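Close look at the chain arrangement
Spelled out, the chains give:
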Amino acid sequence: MSDSSPARPAAPVPVLDIWCELQCPDCRSALDDLRALRARYGDRLELRLRHFPLEKHKHAFAAAQAAEEAAEQGKAWPYVEAVLERVSELDRDGEAVLLDVARGLGLDAEEFDTALIDGRHILIVDADQAEGKAIGVTGTPTYVIDGERLDGGKSQDGLRERVEEIVDRLLAEQRA
């Protein structure tokens, strides 16, 4: 006997917006938490990179554009993590690091270079930054989940645990 009742649509997974800047040492420090969240929740939590380049970091805007090119080429998070691992090199050597990371991940570095020249991703970066300012983001990293803003630029202490509490609650509510 077959069940003719319609299948229940899958509930959308919770989204954690991460307002990040790829030249930011605090964002580099947050990598371990992001990896732990990814390991704990897998595809039950969407980690969404949002760009918030700070004026004090000369290469941050280019790095945000490069991250968008990496996303277009299918390797957003590997690229973001690799650039964050090399924050001090980016400070020192600039955009050459962005192209080197792309090559190291097997991405089309020429396309990266062209994207940085023609500015094809500027609107995405500008829109993220404007939205961040509108919701009160002032520094990086800042996390937003279920309408709650958590400022990681002041301290990472306890942030992952707070995000986990919120995600666990949201997932429990979906099951109820």
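Residues numbered from 1 in each chain as written. Predicted model: local features only at pLDDT ≥ 70, side-chain atom pairs only at ≥ 80, totals over all residues. Heavy atoms only, no water.

In this section: the sheet that holds strand 4 (residues 148–151). Reading across from one edge, 2-1-3-4 is the order of the four strands in this open sheet, with mixed pairing throughout. One side of each edge strand has no neighbouring strand; the edge strands of this open sheet are strand 2 (46–51) and strand 4. On average, each strand axis in the sheet is tilted by 20° relative to the strand beside it, whichever way the strands run. As judged from the four bridges shared by strand 1 (residues 15–20) and strand 3 (residues 142–145), these two strands associate in the antiparallel manner. Across the sheet, the residue bridging to tryptophan 19 is threonine 142, located in strand 3. Together, strand 1 and strand 2 form the strand contacts of helix 7 (residues 122–134), whose direction differs from that of strand 2 by roughly 95°. Along the sheet face, helix 8 (residues 159–175) touches strand 1, strand 3 and strand 4 and points at about 160° away from the line of strand 4. (Pairing = 2+ DSSP bridges. Helix = DSSP H or I, 4+ residues; strand = E, 2+ residues; numbered from the N terminus. Axes fitted to C-alpha atoms, helices over the stretch in contact; angles between N-to-C directions. Contact = heavy atoms within 4.5 Å.)

What follows is about the packing of helix 2 (residues 60–72) against helix 7. Taken N-terminus to C-terminus, the directions of helix 2 and helix 7 make an angle of 115°; their axes are 9 Å apart at the nearest point. On the basis of the axis angle, helix 2 is roughly perpendicular to helix 7. Between helix 2 and helix 7 lies a crossing whose hand is right-handed. Across the interface between the two elements, Phe61, Ala64, Gln65 and Glu68 of helix 2 pack against Ile122, Ile124, Val125 and Asp126 of helix 7. In terms of residue class, the contact of helix 2 with helix 7 is built from five nonpolar, one polar and two charged. (Parallel < 35°, antiparallel > 145°, perpendicular 65-115°, else oblique. Left-handed = near helix turned anticlockwise from the far one by under 90°. Nonpolar A, V, L, I, M, F, W, Y, C, P; charged D, E, K, R; others polar.)

For helix 2, spanning 13 residues, the distance from its first C-alpha to its last is 19 Å, which sits close to the expected 18 Å at 1.5 Å a residue. Most of helix 2 is tucked away: 10 of the 13 residues are buried. Here helix 2 has its buried residues at Ala60, Ala62, Ala63, Ala64, Gln65, Ala66, Ala67, Glu68, Glu69 and Ala70. Of the surrounding elements, those touching the buried residues of helix 2 are strand 2, helix 3 (76–84), helix 4 (87–93), helix 5 (95–104), helix 6 (109–118) and helix 7. Glycine 74 lies just past helix 2 and shows a positive phi near 90°. (Expected span 1.5 Å × (residues − 1). Buried < 20%, exposed > 50% of the residue type's maximum accessible area, 1.4 Å probe, protein only.)

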